[in-house]
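Analysis of the macromolecular model
Here is what each chain is made of, one letter per residue.
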Amino acid sequence: MIRGALLVGGLYLPSLVSASPWTFDDPVTVASHSERPYFHHLDGAGRMHIAASSVEVALIWEDDRSGAPQVYVAVKPHSGKSFPRTDQVSDGAEAYEPAITTIGEHRWLAAWEQDGAVVARVIAADGLGPVCLLGEKTSRQVVLASDHSERIAALWAHQQRGGQLIVSADLRVEADKVTLAAPPVPLSRLTDRPYQGFPAAAWAADGRLLVAWEDRRAGHTRLFHSWRDSGQPFAPAHQLNQHFAPTGEEGKHVGLGTGVMRVSLAIDEGGMARTVWLDKRDAKSGYAVWGAASHDGGLSFGPNQRVQDALGDAVAQWHASVAGGKPGFVAAWDDTREDWADPSEPGDVLVSWNSGSGWSDDLLVPGASGEGYQGSPAVTIDPRGDLHLVWIERDDLSSPTRLRYLRGAIDGD
Amino acid sequence: MRRFAFAVVAAGASLMASMLVGWPLFAAADPPKGWQFLPFDQAWTLAQQDQRTLFVYFGRHGCPSCDKTNRESLSDPRVKAAYQANYVLTYVDSESGDRLRLPSGERITEMELGVKLKVFGTPFFYFLQPDGEPVARVPGYQSAEDFLLLDAYIKDGHFKQQTFADFKANQS
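The structure contained in this document is the topic of the report that follows. All figures in this text were calculated on a predicted structure; none of them were measured in a lab. (Residues numbered from 1 in each chain as written. Chains lettered and ligands numbered in written order. Predicted model: local features only at pLDDT ≥ 70, side-chain atom pairs only at ≥ 80, totals over all residues. Heavy atoms only, no water.)

With that out of the way, let us pick up the pairing of strand E26 (residues 317–325) of chain A. Residues and elements named next belong to chain A. Of all the nine residues making up E26, nine are buried; the element is thus mostly covered by neighbouring parts of the structure. Two elements, E26 and strand E27 (residues 328–335), share seven bridges in a ladder whose sense is antiparallel. When the bridges of E27 are listed, Trp318 appears paired with Asp334. (Buried < 20%, exposed > 50% of the residue type's maximum accessible area, 1.4 Å probe, protein only. Helix = DSSP H or I, 4+ residues; strand = E, 2+ residues; numbered from the N terminus. Pairing = 2+ DSSP bridges.)

Moving on, we get to the sheet that holds strand E2 (residues 87–93) of chain B. Residue and element names in this part refer to chain B. Read from one edge to the other, the open sheet built from four strands follows the order E2-E1-E5-E6, with strand pairing classed as mixed. Edge positions in the sheet fall to E2 and strand E6 (134–139), since each has one partner strand and no second. Sheet twist, expressed as the mean angle between neighbouring strand axes with direction ignored, is 15°. Here strand E1 (residues 53–59) pairs with strand E5 (residues 124–128) via five bridges, running antiparallel. Its bridge partner being in E5, Leu54 is matched across the sheet by Leu128. (Axes fitted to C-alpha atoms, helices over the stretch in contact; angles between N-to-C directions.)

What follows is about the side chain of B:His61. Relative to the helices and strands, B:His61 is located in the loop between E1 and helix H3 (64–73). A polar side-chain atom of B:His61 sits 3.3 Å from the main-chain carbonyl oxygen of A:Arg216. (Polar contact = N/O pair within 3.5 Å; in protein donor to acceptor, adjacent residues only side chain to side chain.)

Further remarks concern the nonpolar core. For soluble globular proteins, nonpolar side chains are generally found buried alongside one another. Membership of the largest hydrophobic core comes to 39 residues, with the highest contact counts inside it found for B:Phe40, B:Leu54, B:Phe58 and B:Leu113. It is helix H2 (residues 40–50) of chain B that contributes the most residues to this core, four residues altogether. Not counting the four nearest positions on each side in its chain, B:Leu54 is found in contact with B:Phe40, B:Ala43, B:Trp44, B:Ala47, B:Val88, B:Thr90, B:Tyr126, B:Phe127 and B:Leu128. Ranked by size, the runner-up nonpolar core spans 35 residues in total, among them A:Val142, A:Trp156, A:Ala157 and A:Phe198. (Core = buried A, V, L, I, M, F, W, Y, C linked by side-chain atoms within 4.5 Å. Contact = heavy atoms within 4.5 Å.)

Residues and elements named next belong to chain A. All chains considered together, the criterion is met by 32 salt bridges over all chains. The salt bridge involving Asp63 is made with Arg65; its shortest N-O contact spans 2.8 Å. Residues Asp170 and Arg228 are paired through a salt bridge, measuring 2.7 Å at the closest nitrogen-oxygen approach. With a gap of 58 residues between them, Asp170 in strand E15 (residues 163–174) and Arg228 in strand E20 (residues 222–228) connect regions that are remote in the sequence. Neither Asp170 nor Arg228 differs from the other in exposure class; each is buried. Salt bridges sharing common partners tie together Asp25, Arg384, Asp386 and Arg407. (Salt bridge = Lys/Arg side-chain N within 4 Å of Asp/Glu carboxyl O.)

The subject of this paragraph is the sheet that holds strand E23 (residues 273–279) of chain A. Two strands in a sheet stick together by hydrogen bonds in their backbones, pointing the same way (parallel) or opposite ways (antiparallel). Residues and elements named next belong to chain A. The strand order across the open sheet formed by four strands is E22-E23-E24-E25, and the pairing between neighbours is antiparallel. Two strands close off the open sheet at either side, each with one partner strand: strand E22 (260–267) and strand E25 (305–306). Both E22 and E23 contribute to a ladder of six bridges, which runs antiparallel. Among the inter-strand pairings, Met261 is bridged to a residue of E23, identified as Leu278.

In structure tokens, the structure reads:
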């Protein structure tokens, strides 16, 4: 419909951007409702619901098949066409917002919120390790970061003193057991009425831990970034999103700032860092996907860049995720541009990629678009450069859900 | 819900315009003071139990037009009296990760409720029947008079015959 409107208006331009670097396989259903309808969710901080090693891909999500929200994992070898099984990894009354990262071939580390605390456990080919408490009660929104040098960190939000602060801890994994390697440290000093939430994290090539997060202390939500060397405090935080105070007549500022939320952070093979987030600086159509790049390994980030193309401007974007690797970066999100006024067309998954010459035109992902809702994607790139995508599919925005996955094989290898 | 699609499209432009004019510096966005907004789960349970219409106010922390709505419209005692009498009231922070439970049993965040209901800006007001069916969705700043007209539109069942825009035009 939007393409049609642009054609009528004489504004449509043919695509100038090269084709996708990936060839997409057919999607597979990982888990779906059977006799009892249930609901899957991919809503963790940093959208770390998928991770890939050189030989396997792992998915983590929450669903309520048991009658209560619990966290499940599924692992598939790259050579396999489907996920052979799903395993429950949480062991409390309720569990939410999981994250997963690879810690070597056939080994994964998962973390999630469980009964108000934050916990983690190792997932290996021969079974699950013990559950380790990372953050005590009133903790949530956990993310993980690991690299090829066995550096592992977790960040989570901890409610305290009438607010919420993010803390970070290095983790140690020995055999099937994960433990805190050092006491958690805060991202910044405690201030009056702190509110930090929804962190994202990644290791820079030189061993610094890069972090980004939401902060509400100014009376509206801002995004910040920082970093730390191992064992050191975090560097002073800098704002990641450019400040846009709404302006009224005569250009006078009339508000504190436009909305931003849910930052995602990734590093590519060359050590460049990129973030994406949802940003409502253009208020007429809701949130859009914006981002920023760092060419100095995450010490600083450049000007904000719009990630989506102009065809997405008329609708809201949701659930933005970014991944980095051999081919550069890929961002994934969902929006309703294909038929924005039709309630029966509630969303499709789109991706854009960036190999150094700007974000591509958006691609409706084959197999993750079309009838019904296909959204809430999370994305990763494996060491070979293949793209792996997981998302939620449902007939409409109220119906039971299916968890879907597909691979995009990198072209030219 | 389809009948409101056109209203939403038309309202998008007015929402943008309304977000660009007329608010003071240091606006905050929280529920208006003195109103009895309930947590979403509790509100929906009460709406079902009493067979009353649910009024959902989607706001955002720092939203200037929410602040304007609170100060100029929801502070009007006529609006407050009508809405507290006729509706079960709930406030949803459209950027919040706090959780709520839908009547289907699905547990989602306040932000995800906004995704489901296509809340593309704030403030955004929904009137939901006790079974969850939306009967009106109204984006952007509304004056006290608009809120009173909306109350008449919902309470007297005009939503069954016409859009709010048509109803409003017929009143003038």
